[in-house]
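# A look at the structure
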Amino acid sequence: MEPQTDTSTGQVAEPALSDHIAFDHVFSLAGKVALITGGGSGIGFDIARCMVEAGATVIITGRREQPLQDAVETLGERAHYEVNDVTERARLGELVATIEQTHGPIDILVNNAGINMKKPALEVTDEDFDRIVHTNLNSVFSLTRACASRMIERGSGSIIMISSMAAYYGIDRVAAYAASKSGVEGMVKVLASEFSGRGVRVNAIAPGFIETAMSKTAMGGDPDRFARAMRRTPMGKFGKPDDIGWAAVFLASDAARYVTGASLPVDGGNSIGF
Ligand code: NAI
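In short, a report on the structure. (Residues numbered from 1 in each chain as written. Predicted model: local features only at pLDDT ≥ 70, side-chain atom pairs only at ≥ 80, totals over all residues. Heavy atoms only, no water.)

Spatial strand order, β5-β4-β3-β6-β7-β8-β9: seven strands in an open sheet with parallel pairing. Because the sheet does not close on itself, it has two edges, and the strands there are β5 (79-83) and β9 (263-266). Sheet twist, expressed as the mean angle between neighbouring strand axes with direction ignored, is 20 degrees. Where strand β4 (residues 57-62) lies against β5, five bridges are found, and the strand directions are parallel. (Pairing = 2+ DSSP bridges. Helix = DSSP H or I, 4+ residues; strand = E, 2+ residues; numbered from the N terminus. Axes fitted to C-alpha atoms, helices over the stretch in contact; angles between N-to-C directions.)

Structure (C-alpha cells):
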C-alpha cells in the first residue's frame, strides 16, 4: 500500500507494518525471470551467477553457442541460453517473445553486452564509431523497448543498464565507447521518468575497473594506463565481476523498490578519487 499524505498537514503517514519486507525475502529473486545479454562470460556471467544464487531463473544470450552452453552447465538448472546477436535489432522482439513463451514473463532485463575499442579519436573511423554505438546504445534501446512494453502491461519490472566510468569523466582513446555509455546514462533518466509510474524501474550500474577480458585488452601492454587507473581508485585494486553481480541483485530486488533513475558506481571509489 502506498503511504498516504494528509493533504491538510502535508505529512506523510507512517507506513503500514505490512509494507515491511523481512530480511529473508527482501534481496530474494525467487520466482523471477531475468534476461542477461552477453551473459556467457565476464561481468554478465557473474550477474547471472549471483541472480541464480538469489533464486532467479536466468536466460543468458550471446553470439556463440559453445560458451553459452558451458556457462549454463556451470550455472545449473535454473540457467538457460538463447543464441542472439543484440545488434540484429529486428530480431529482438522475437527473442523476448520466445523467452516469455518458454520461461514466463521477464521480470528483470540486464543490458550487459557491450564492446570497447581503444584508439586515438582522430583515428576512429565512422564505421568504428557506428559499430560501438550500435552495440552499446542502439541495441540496448531496442531490446529495452521490447521488454518494457510487456513489463508495463503487467505493471512490474526492473531494467538494469551497464554503464561505465567513461560516461563519468574523460578517459582518452575511447571516444565512441564513452559516447555510447553517456547515451545509456541519459536514456536511464528518461526511461525511468516514463516507466516508473507504471511499475517499471530503470537503473544503471557504472562499474569501475573490473577484472574481465575487456579490461585486460584495454589495459594490456599499457602499464601507464593501469597505473593511472589505480592512482585514482582509493581502494587501490580492480573489482571482481561478482561485485557487479551483487549490485545487480540489489537493484533487481525489492530492497531497491524505491530506487529508479539512478546510476550506481561500483568502482572502489574510482569516480570520486583524486
Ligand atoms: P567481456 O568482453 O568480457 O564480455 C562482454 C560480453 O558481451 C561477452 O559475453 C560478449 O560475447 C557479449 N557481446 C558482445 N557483443 C555482443 C553482441 N553483439 N550480441 C550479444 N552479446 C555480445 O566484457 P565485460 O568486461 O564483461 O563487459 C560487460 C559490460 O560491462 C559491458 O557493457 C562493458 O562495457 C561494461 N563495463 C566493463 C568494465 C570492465 O572493467 N570490465 C568497466 C565498465 C563497464
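Moving on from the coordinates now.
Bringing the side chain of Glu-100 into the picture now. Mapped onto the fold, Glu-100 is located in helix α4 (residues 92-103). Sequence-distant contacts of Glu-100, defined by excluding residues within four places in its chain, comprise Pro-105, Ile-106, Arg-150 and Arg-154. (Contact = heavy atoms within 4.5 Å.)

Where the residue is not glycine, phi is negative for most of them; where a peptide bond is considered, it is trans in most cases. With a phi close to 70 degrees, Arg-173 is a non-glycine residue in the positive phi region. On the secondary structure map, Arg-173 appears in the loop between β7 (157-162) and α6 (175-195). Residue classification places Arg-173 among the partly exposed positions, given a relative accessible area of 29%. (Buried < 20%, exposed > 50% of the residue type's maximum accessible area, 1.4 Å probe, protein only.)

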